[in-house]
Amino acid sequence: MKTTRIIVLAIAAATLSGTAVPALANGKAKVPPVHVEHEDGEEILVHKGEASFYSQKFHGRTTASGETMNQNKATAASRTLPLGSKATVTNEENGKSVDVIVNDRGPYVDGRVIDLSRSAAKKLDMIEDGTAPVTVEVKPSEQPTDAAREKVEDKVDQLTPDSQVAQGDSRRNGSSGGSKSDTVSHSGSGK
């Protein structure tokens, strides 16, 4: 597999160059941070890293949201994005995108930001390789429910603590006030 070869070569290069390969923090897999970006006047959650897809053995099991895992639905697991939120996942190698609902927690592998159902992975054309570099975007305005929108807005507020109160209040009242940097990084936990 192409991705496996790249990872092995990167580890070898890091070892030969004297650069340390990151270790697990407290035995937990490291996950690239979620950050906030601005798109068309809206603050959105962005998570970049590697995607994988669920093994067939998980089909039919209960997810963290209480739903049954169904490989035929466009769903996903994320350690940091709110349960119930709609996310757009884009394969950075081919530009293909799919919308998924986050209904589970995971993946628990270094560098992985999202674990997709087989159906969603197929739409991204990543079944053969098993993993793909992706960008995951979550927009408050595109959430399927008010509760999901509020969870996403709360996560945005959590990642932008300098203007949490002012921005949260003005956003919920329909105005845009205040200025922020274009990107704020943080690796907090999901809701």
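Just so it is clear, the model here is predicted, and its values are computed rather than measured.

Conventions we followed
- Residues numbered from 1 in each chain as written.
- Predicted model: local features only at pLDDT ≥ 70, side-chain atom pairs only at ≥ 80, totals over all residues.
- Heavy atoms only, no water.
- Buried < 20%, exposed > 50% of the residue type's maximum accessible area, 1.4 Å probe, protein only.
- Helix = DSSP H or I, 4+ residues; strand = E, 2+ residues; numbered from the N terminus.
- Pairing = 2+ DSSP bridges.
- pLDDT = per-residue confidence, 0-100.
- Contact = heavy atoms within 4.5 Å.
- Salt bridge = Lys/Arg side-chain N within 4 Å of Asp/Glu carboxyl O.

### What to know about the pairing of strand β2 (residues 42-53)
Among the 12 residues in β2, 9 count as buried, and that is most of the element. Across 6 bridges, strand β1 (residues 34-39) lies against β2 in antiparallel orientation. In the sheet register, E37 faces β2, and the bridge partner there is I44. Where β1 folds back onto β2 in an antiparallel hairpin, the turn is made up of 2 residues, including D40, whose phi is positive at roughly 50°. By the bridge criterion, 8 bridges tie β2 to strand β7 (residues 131-138) in an arrangement that is antiparallel. Across the sheet, residue S52 finds its bridge partner in β7, namely T131. In terms of strand pairing, β2 meets strand β6 (residues 112-116) through 4 bridges, oriented parallel. The residue bridging F53 from the neighbouring strand is L116, located in β6.

### Quick look at the confidence of the model for the protein chain
Averaged over every residue, the pLDDT of the protein chain is 79; residues scoring 70 or more account for 69%. In the predicted structure, residues 3-25 sits below a pLDDT of 50 and forms 15 contacts with residues beyond four places in sequence or in another chain. Low confidence marks residues 163-191, where pLDDT is under 50. Its contacts with residues over four positions away, or in another chain, come to 59 contacts.

### Concerning the pattern of salt bridges
For the structure on display, the rule yields 8 salt bridges. The salt bridge involving K139 is made with E39; its shortest N-O contact spans 2.4 Å. Placement of K139 in the loop between β7 and α3 (146-159) and of E39 in strand β1 is noted, with a sequence separation of 100 residues between them. Taking the relative accessible area as the measure of exposure, K139 reaches 18% and is therefore buried. Residue classification places E39 among the partly exposed positions, given a relative accessible area of 27%. For the salt bridge of E142 with K139, the shortest nitrogen-to-oxygen distance reads 3.9 Å. One continuous salt-bridge network, built from bridges that share partners, spans E39, K86, D99, K139 and E142.

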